Amino acid sequence: MIHVAWPWMALLLPLPWLFSRFCLPAQPQGSALFLPFVTALPPVSPSLLIRKLPRLHAIVLALIWLLLVASATRPQWLGDPQPIPTTGRRLLLAVDVSGSMANRDMAGNYTRLQVVQAVASEFIGHRYGDRVGLILFGSQPYIQAPLTADLETVKQFLTQAMIGMAGTETAIGDAIGLAIKRFCTDRSTERDHQHEENNKGETVLILLTDGSSNAGAVPPLEAAKLAAGAGLRIYTIGVGAEVQESIFGSAGNSDLDEDTLKSIAKMTNGSYFRATDATALQNVYAEIDKLEPSAGREQWYRPSEEWFHWPLAIALGLSVLSVPTMLLHKRHKGNRL
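### Looking at the packing of helix H7 (residues 220-229) against helix H8 (residues 258-267)
Piece 1. Between H7 and H8, the shortest axis-to-axis distance is 9 Å and the interhelical angle comes to 15 degrees. Taken together, the axes of H7 and H8 are roughly parallel relative to one another. Taken as a pair, H7 and H8 cross one another with a handedness that is right-handed. In contact with Pro220, Leu221, Ala224, Lys225 and Ala228 of H7, H8 contributes Thr260, Ser263, Ile264 and Met267.
Piece 2. Taken together, the residues that form the contact of H7 with H8 break down as 6 nonpolar, 2 polar and 1 charged.

Pasting the structure below:
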């Protein structure tokens with residue numbers, strides 16, 4: 001759409017008329033050079049000059065003035081609104097996709113992973129201004145989505161995760177190690193681009209699992225020590241229903257190593273949460289939202305393209321073209337006399 005940046009410059013439009021209407025003729029004054037014939041000439045006022053101009057020339061001059069004023073108002077073309085990446089936290093979600101996440105003990109016929117996907121996607125959608133990434137881990141971890149401000153893409157990658165795609169075991173320590181590596185790489189990239197002064201947000205890892213670490217090269221507590229040294233805060237979430245004993249045996253999540261998850265959170269100045277069903281998991285993410293508030297609502301800007309040079313160029317072209325025409329008119333008028 002067309003936008004005028006300086007509309008108040010339009011107040012200059014009547015300036016030529018005001019000049020011709022109220023400016024008095026020049027009065028003769030003393031000078032170093034005396035010309036006797038000048039006193040015989042009638043006084044000349046701006047309004048008299050304008051009235052004696054040919055009609056076509058007057059129209060051209062008026063058009064030139066209109067174009068100059070139009071250029072002075074700074075016309076612009078505004079493009080479509082674009083999001084502004086805002087500086088906030090660097091937040092990684094590490095989600096367990098091992099075989100045990102196929103259990104259906106949190107919400108009816110839905111697996112643990114499906115519940116996590118629904119609740120965590122809503123959490124991601126609220127992280128305006130943050131850069132969010134996604135790690136999926138089982139027997140080994142891998143980056144599913146790097147740190148990015150594109151929250152919709154991260155949500156899409158999370159909903160596409162499948163049970164067992166990273167192996168059937170659980171490598172909690174390796175997942176933390178990959179998160180540390182990812183954060184360190186991100187910081188190095190910021191320094192290379194000299195943007196570190198604008199990217200001092202907190203680094204946070206939210207690790208969600210339903211089991212104990214039984215795979216990987218790095219023990220979970222050793223990885224937690226490295227994370228604490230790197231300034232990475234970890235929130236751990238244990239999912240799965242509580243163990244219930246009955247005459248038919250036990251039911252629920254008996255594999256969860258809560259002691260290790262609590263230790264990881266304590267060593268990194270984070271917190272441990274237990275989510276036994278979908279509602280409890282929603283409350284967990286709501287609590288993390290309070291502990292780690294996002295940078296703010298999404299901001300937008302509209303790219304602009306300056307158009308002032310177009311009317312300015314046309315005015316200049318008309319000025320150049322009108323000079324020879326006026327000279328020819330004066331010569332023709334002189335020949336008639």
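### Quick word on the sheet that holds strand S13 (residues 304-306)
Piece 1. Taking strand neighbours across the sheet as the criterion, the 3 strands line up as S1-S2-S13 in an open arrangement whose pairing is antiparallel. Bordering the open sheet on either side are strand S1 (2-4) and S13, each of which pairs with just one other strand. In this sheet, neighbouring strand axes are inclined to one another by 35 degrees on average, regardless of whether the strands run parallel or antiparallel.
Piece 2. Sheet analysis places S1 next to strand S2 (residues 75-78), joined by 3 bridges and oriented antiparallel. Across the sheet, histidine 3 pairs through a bridge with glutamine 76, a residue of S2.

### Notes on the confidence of the model for the chain
Piece 1. The predicted model of the chain has a mean per-residue pLDDT of 80, with 74% of residues at 70 or higher.
Piece 2. A low-confidence stretch, residues 44-50 (pLDDT under 50), is modelled with 10 contacts involving residues beyond four sequence positions or located in other chains.
Piece 3. Segment residues 192-200: pLDDT under 50, and 9 contacts once partners within four positions in sequence are set aside and those in other chains are kept.

### Some remarks on the sheet that holds strand S6 (residues 141-148)
Piece 1. Pairing in this open sheet of 6 strands is mixed, and the strands run S6-S5-S4-S7-S8-S11 from one edge to the other. Whereas interior strands pair on both sides, the edge strands pair on one side only; in this sheet they are S6 and strand S11 (272-275). Adjacent strand axes in the sheet meet at a mean angle of 15 degrees, parallel and antiparallel pairs treated alike.
Piece 2. Across 4 bridges, strand S8 (residues 233-239) lies against S11 in parallel orientation. Within the sheet, the bridge partner assigned to valine 239 lies in S11 and is alanine 275.

### Some points on the environment of isoleucine 314
Piece 1. Structurally, the position occupied by isoleucine 314 is in helix H10 (residues 309-336).
Piece 2. For the pair isoleucine 314 and leucine 63, spaced 251 residues apart in sequence, the C-alpha separation works out to 9.7 Å.

### Focus on the nonpolar core
Piece 1. Judged by nonpolar contacts, the single largest core of 35 residues is most densely connected at Leu93, Ile206, Ile237, Leu281, Tyr285 and Ile288.
Piece 2. Those elements that provide at least two residues to this core are strand S4 (90-96), helix H4 (112-125), strand S5 (131-137), helix H5 (151-159), strand S7 (203-209), S8, S11 and helix H9 (278-291).
Piece 3. Top element by residues in this core is H4. It accounts for 7 residues.
Piece 4. Other than its neighbours up to four places away in sequence, isoleucine 288 contacts Phe123, Ile206, Tyr235, Ile237 and Phe273.
Piece 5. Grouped together as the second largest cluster of nonpolar side chains are 24 residues, Ile135, Ile176, Leu178 and Ala179 included.

### Quick notes on the pairing of S4
Piece 1. Of all 7 residues in S4, 7 are buried, a share of seventy percent or more.
Piece 2. The two faces of S4 match: Arg90, Leu92, Ala94 and Asp96 on one face and Leu91, Leu93 and Val95 on the other face are all buried.
Piece 3. Inspection of the sheet shows S4 paired to S5 by 7 bridges, in the parallel sense. Paired with arginine 90 across the two strands is arginine 131, which belongs to S5.
Piece 4. Following the backbone out of S4, through H4 and into the adjacent parallel S5, one traces a crossover that is right-handed.
Piece 5. Where S4 and S7 come together, 6 bridges link them in parallel fashion. From the neighbouring strand, arginine 90 faces S7, where its bridge partner is threonine 203.

Reading the values: rules and limits
Residues numbered from 1 in each chain as written. Predicted model: local features only at pLDDT ≥ 70, side-chain atom pairs only at ≥ 80, totals over all residues. Heavy atoms only, no water. Axes fitted to C-alpha atoms, helices over the stretch in contact; angles between N-to-C directions. Helix = DSSP H or I, 4+ residues; strand = E, 2+ residues; numbered from the N terminus. Parallel < 35°, antiparallel > 145°, perpendicular 65-115°, else oblique. Left-handed = near helix turned anticlockwise from the far one by under 90°. Contact = heavy atoms within 4.5 Å. Nonpolar A, V, L, I, M, F, W, Y, C, P; charged D, E, K, R; others polar. Pairing = 2+ DSSP bridges. pLDDT = per-residue confidence, 0-100. Core = buried A, V, L, I, M, F, W, Y, C linked by side-chain atoms within 4.5 Å. Buried < 20%, exposed > 50% of the residue type's maximum accessible area, 1.4 Å probe, protein only. Right-handed = clockwise from strand over helix to strand, strands pointing away.

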